[in-house]
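Per-entry structural report
Spelled out from the first residue to the last, the chains are:
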Amino acid sequence: PTDANIVYVGTARGGVFKTTDGGDSWLPIFDDQLFLSIGHIVLHPNDPNTVFVGTGDPNISGLFSVGNGLFKSTDGGATWINIGLAAQRIIAKIAINPQNPDVIYVATMGNPLERDENRGLYKTVNGGDTWDKVLYIGDDAGIIDLVMHPENPAILYAASWNRIRNNTESVTFDDDGKILKTTDGGLTWQTLSNGLPSPIEVSRIGLAMSGQNYDKLFAVVVDTTHRFNNI
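Starting afresh in each chain, residues are numbered from 1 along the sequence in its written order. Given that this is a predicted model, residues contribute local features only at a pLDDT of at least 70 and side-chain atom pairs are listed and counted only at 80 or more, while totals for whole chains, interfaces and linings are drawn from all residues. Side-chain descriptors were evaluated using all non-hydrogen atoms of the structure, hydrogens and water having been removed beforehand.

Strand order in the open sheet formed by three strands is β1-β2-β3, and the pairing between neighbours is antiparallel. One side of each edge strand has no neighbouring strand; the edge strands of this open sheet are β1 (7–10) and β3 (27–28). Any two strands with at least two DSSP bridges between them are considered paired. Numbering goes from the N terminus for both helices and strands, where a helix is a DSSP run of H or I of at least four residues and a strand is a run of E of at least two.

Note on sheets: strands pair through backbone hydrogen bonds, and any given pair is parallel or antiparallel. Strand order in the open sheet formed by four strands is β12-β13-β16-β17, with antiparallel pairing between adjacent strands. Because the sheet does not close on itself, it has two edges, and the strands there are β12 (141–148) and β17 (190–192). Here the strands of the sheet are splayed against their neighbours by 30 degrees on average, with no regard to which way each runs. As paired strands, β12 and strand β13 (residues 156–162) are joined by seven bridges and run antiparallel to one another. The residue of β13 that forms the bridge with Ile143 is Ser160. Working convention: axes come from line fits to C-alpha atoms, limited for helices to the stretch in contact. Angles between N-to-C directions cover 0 to 180 degrees.

What follows deals with unusual backbone geometry. A positive phi angle, near 45 degrees, is found at Ile60, a position not held by glycine. Within the chain, Leu85 stands out as a residue other than glycine whose phi angle is a positive 70 degrees. Considering the arrangement of structural elements, one finds Leu85 in the loop between β7 (81–82) and β8 (91–96). The buried label goes to any residue with under 20% of its type's maximum accessible area, the exposed label to any with over 50%, and the partly exposed label to all in between, with areas taken from a 1.4 Å probe on protein chains only. Residue Leu85 is classed as buried on the basis of its relative accessible area of 8%.

Spelled out as structure tokens, the structure:
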């Protein structure tokens, strides 16, 4: 945000790259880590040298890669520390409270090879020292997308997705695919429905919020009945 020439790029299998000259040259800055699949990258809202990287590929294709948690750098990517959520395997989205950056939400998909209870939305109030699971859908459904209200960070929207992929089954949709909303920082959640496809027909969902009107939310929904995307 303070220097448009500095950009971080995460790849599905090749780690994190950084440019400081607007893309003329790139340096790999994550290659010393054991898992190089990247799901999401965010910068600290007050310190752009502090970078958070979530590992694991959230696209979960036929030949996917998992990760080993959430990483933090305080020196622009020169060094990294793991701050948890290794068992969650795939981090799809990270949202930091701009008013209190020690409060971080992380959307995870779990291990697509098996059903487990590590999937869901996790929250820390101490910068990653400890984590609490604040939203759990099911052992085959994780949280694939997450949007935070910029002015009221207690309001969040989360999208869930049923996904299992192993050598005996491929689950891409079920009745747990939905959009949920919290207004109290994750203590309680409401399932949104008015105008959305019925849950049994929903596969992956993508979320976005208008930058001009924070009450305007967009959802790209994979409708498995008609096999196309609805907005």
